[in-house]
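Coordinate analysis (summary)
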Amino acid sequence: MTTIRIYVTYKPSVFDPQGAAITNSVNSLGHDEVKKIVVGKFFDVTVDEDDLDKVKADVKDIAESLLVNFNMETYKIKVLEENA
């Protein structure tokens, strides 16, 4: 089995209201060194398949077909566990 994490965040050109609010709150706590916080979401997908190339292709298809709104978001994937 292989577990892949899909990270989804706003594109840099899209305003992130949660990230801005959290950044402002952190700054108000006195942490002026923090310039930007980005809020996103992630999905852990566990696949019963040992061929890593096939797993990545399947997860890419899932992300692009269902999980990511390409008008506003971007994504990346990371292998968490392989053949676990």
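Let me begin by describing the structure that accompanies this report. Quantities reported herein were computed from a predicted structural model and do not represent experimental measurements.

**Comments concerning the pattern of salt bridges**
Within this structure, the stated rule accounts for four salt bridges. A salt bridge links Lys41 to Glu73; the shortest N-O distance between them is 3.5 Å. Placement of the pair is Lys41 in strand β2 (residues 40-47) and Glu73 in strand β3 (residues 73-82), with a sequence separation of 32 residues. You can call Lys41 partly exposed: its relative accessible area is 39%. Put simply, Glu64 and Lys60 hold a salt bridge, and the shortest N to O gap is 3.5 Å. Of the two residues, Glu64 and Lys60 both sit in helix α2 (residues 52-67), four residues apart, roughly one turn of that helix. Its relative accessible area of 43% is what places Lys60 among the partly exposed residues.

**Notes on a negative patch on the surface**
On the surface, Asp48, Asp50, Asp51, Asp53 and Glu82 cluster together to form a negatively charged patch. Take Asp50: it is sitting in the loop between β2 and α2. Accessibility expressed as a relative area gives 52% for Asp50, which makes it exposed.

Cut-offs and rules
- Residues numbered from 1 in each chain as written.
- Predicted model: local features only at pLDDT ≥ 70, side-chain atom pairs only at ≥ 80, totals over all residues.
- Heavy atoms only, no water.
- Salt bridge = Lys/Arg side-chain N within 4 Å of Asp/Glu carboxyl O.
- Helix = DSSP H or I, 4+ residues; strand = E, 2+ residues; numbered from the N terminus.
- Buried < 20%, exposed > 50% of the residue type's maximum accessible area, 1.4 Å probe, protein only.
- Patch = residues over 30% accessible without salt bridge, like charges linked within 9 Å, V, L, I, M, F, W, Y side chains within 5 Å.
- Areas by Shrake-Rupley, 256 points an atom, 1.4 Å probe, with all protein chains shown as cover.
- Lys, Arg positive; Asp, Glu negative; His and termini not counted.
- Charge placed at Lys NZ, Arg CZ, Asp CG, Glu CD.

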